[in-house]
Amino acid sequence: LLSGVACDSNYRKYGYGKQTVLSLAEELRNNNKSVFVVALNSSAEGFYEHIGFKECEKIAFIERKVK
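Because the structure is a prediction, the values reported are computed rather than measured.

Undergrad: Help me out: how do you make sense of the layout of surface pockets in this one?
TA: A probe matching the size of a water molecule, rolled over the atoms, marks out where space remains unfilled. In this structure, the largest pocket encloses a volume near 590 Å³. Along the walls of the largest pocket sit 24 residues, with Val-5, Cys-7, Arg-12, Ser-43 and Phe-47 positioned nearest its centre. Those elements that place two or more of their residues in the lining of the largest pocket are α1 (16-30) and α2 (42-50). Residue contributions to the lining of the largest pocket peak at six residues, all from α2. Counted by class, the lining of the largest pocket contains 13 nonpolar, eight polar and three charged residues.

If you want it as structure tokens, here you go:
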């Protein structure tokens, strides 16, 4: 399960995030593991779709406010 993958805004659009995620996914698949990602916003959803991931299910998250 990949989640919380981030790239410093100064280094976006260079392909570092894409290469990192795809390399991790390939390594997992080479070890007979299934690969799932959690996209917590529409920007992340677009990124993962852009690099070849397909939506399989939506999960609802409810944010709990801490006092």
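Having seen the structure, we can now continue with the description.
Undergrad: Which parts of the structure should I look at to understand a nonpolar patch on the surface?
TA: Side chains of Tyr-11, Tyr-14 and Tyr-16 sit close together on the surface and give an oily, nonpolar patch of about 390 Å² of accessible area. One can find Tyr-14 in the loop between β1 (2-3) and α1. Note on Tyr-14: relative accessible area 56%, which makes it exposed.

Undergrad: Could you clarify how one ought to interpret unusual backbone geometry in this entry?
TA: If a residue is not glycine, its phi is most likely negative; likewise, a peptide bond is most likely trans. Even without being glycine, Lys-13 reaches a positive phi, approximately 75 degrees. Relative to the helices and strands, Lys-13 resides in the loop between β1 and α1. Overall, Lys-13 belongs to the exposed group, its relative accessible area being 85%. Unlike most non-glycine residues, Asn-32 shows phi in positive territory, near 60 degrees. When you line up the elements, Asn-32 lands in the loop between α1 and β2 (37-38).

Conventions we followed
Throughout, a residue's number is its position along its own chain's written sequence, starting from 1. With the structure being a predicted model, the display of local features is reserved for residues of pLDDT at least 70 and the display and counting of side-chain atom pairs for 80 or more, all residues being used for whole-chain, interface and lining totals. As a rule here, side-chain values cover all heavy atoms of the structure and leave hydrogens and water aside. Site definitions follow a grid-based scheme: protein atoms alone, a 1 Å grid, a 1.4 Å probe that fits but cannot get out for cavities, and for pockets an open set with protein on both sides within 12 Å along at least five of seven lines, plus lining residues having an atom within 4 Å of a point. Grid points are joined across faces, edges and corners, and a volume is the space filled by probe spheres set on the points. A run of DSSP states H or I qualifies as a helix once it reaches four residues; a run of E qualifies as a strand once it reaches two. Both are numbered from the N-terminal end. The residue classification treats Ala, Val, Leu, Ile, Met, Phe, Trp, Tyr, Cys and Pro as nonpolar and Asp, Glu, Lys and Arg as charged. All others, Gly included, are polar. Two joining distances apply to patches: 9 Å for like charges and 5 Å for nonpolar side chains (Val, Leu, Ile, Met, Phe, Trp, Tyr), and every residue must have over 30% relative accessible area and no salt bridge. Every accessible area reported is derived by Shrake-Rupley at a probe size of 1.4 Å, with residue values counting cover from the shown protein chains alone. Definition used for salt bridges: Asp or Glu carboxyl oxygen within 4 Å of a side-chain nitrogen of Lys or Arg. Working definition: with a 1.4 Å probe on protein chains only, accessible area under 20% of the residue-type maximum means buried, over 50% means exposed, and in between means partly exposed.

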